[in-house]
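Here is how the chains run, residue by residue.
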Amino acid sequence: MSDALAILLTALFVNNFVLVQFLGLCPFMGATQKMEAAFGMAAATTFVLTLASASSYLIETYLLSPFGLEYLRIIVFIAVIAGLVQFSELVIRATQPVLHQVLGLFIPLITTNCAVLGVALLNVRQNQGFIDSVLFGLGAALGFSLVLIIFASLRERMSQTDIPAPFQGAAINMITAGILSLAFLGFTGMN
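Residues numbered from 1 in each chain as written. Predicted model: local features only at pLDDT ≥ 70, side-chain atom pairs only at ≥ 80, totals over all residues. Heavy atoms only, no water.

*Asks:* Describe the pattern of salt bridges, with residues and values.
*Replies:* One pass over the structure, following the stated rule, counts two salt bridges. In this structure, the salt-bridge partner of E60 is R73, at a minimum N-O distance of 2.9 Å. Here the residue E60 occupies a position in helix 3 (residues 35-64), and R73 occupies one in helix 4 (residues 73-95), the gap between them amounting to 13 residues. Among the salt bridges present, the one from R93 reaches E89, with a minimum N-O distance of 3.5 Å. Linking R93 with E89, this pair stays in helix 4, spanning four residues, or about one helical turn. Under the relative-accessibility criterion, E89 is labelled buried at 9%. (Salt bridge = Lys/Arg side-chain N within 4 Å of Asp/Glu carboxyl O. Helix = DSSP H or I, 4+ residues; strand = E, 2+ residues; numbered from the N terminus. Buried < 20%, exposed > 50% of the residue type's maximum accessible area, 1.4 Å probe, protein only.)

Here it is in structure tokens:
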């Protein structure tokens, strides 16, 4: 149990894919203008990333490696991720039409989110078991979600404050993201 918890917490804090690995910055900056959008993107990405980790492990272990098809890994993983994103978009559209409208283009962009593909490829490289792969994917997804929600709350708060003109817009967002990244880098010595 302690190994599972270590994998989960390491992926969540120590190796956070957005603030430490710098993967998935497009939805991090784009889907964090409002809390509703951040929650929706966090839920969709958590679903896709966790299932992509499980699927990539199974595909690598039972299809690609046994038949010597490792050279197809990236193409197959992208196809699986795209399918999972389409499924999650259908579910969001059917169950939460307002959220689907708010997220708009960002849902299909999960397919090109390099954090999702990065987690799948890191799982293969680390040669973990199925449970560890799923926990790593879940930890990465929860870390991504945590960062999205924190950053969205900071951006909403900053929209109500008086920020000097040179720092308004993208400048203050980059400064805030940098400070948040430094805070998460503080966890690196804890693994």
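*Asks:* Describe in detail the packing of aromatic side chains, supporting the description with residues and values.
*Replies:* One pass over the full model with this rule turns up four aromatic pairs. Taken together, a centroid distance of 5.9 Å and an interplanar angle of 75° make the contact between F17 and F136 edge-to-face. With F17 in the loop between helix 1 (2-14) and helix 2 (25-30) and F136 in helix 7 (residues 130-159), this pair connects stretches of sequence that are 119 residues apart. There is no split in this pair, since F17 and F136 are both buried. Judged by centre distance (5.9 Å) and plane angle (35°), the rings of F47 and F87 are tilted. Of this pair, F47 sits in helix 3 while F87 sits in helix 4, and the two are 40 residues apart along the sequence. Residue classification places F47 among the partly exposed positions, given a relative accessible area of 32%. (Phe/Tyr/Trp six-rings, centres within 6.5 Å; stacked < 30°, edge-to-face > 60°.)

*Asks:* Could you give an account of the side chain of S145, with specific residues and numbers?
*Replies:* You can see S145 is positioned in helix 7. Using a relative accessible area of 9% as the deciding quantity, one classes S145 as buried. Among all residues touching S145, those that are not within four sequence positions of it are A42 and T46. (Contact = heavy atoms within 4.5 Å.)

*Asks:* Summarise helix 1; cite the residues concerned and give the values.
*Replies:* Listing the buried residues of helix 1 in full gives A4, I7, A11, L12 and V14. Those residues of helix 1 that are buried lie in contact with helix 7 and helix 8 (170-185).

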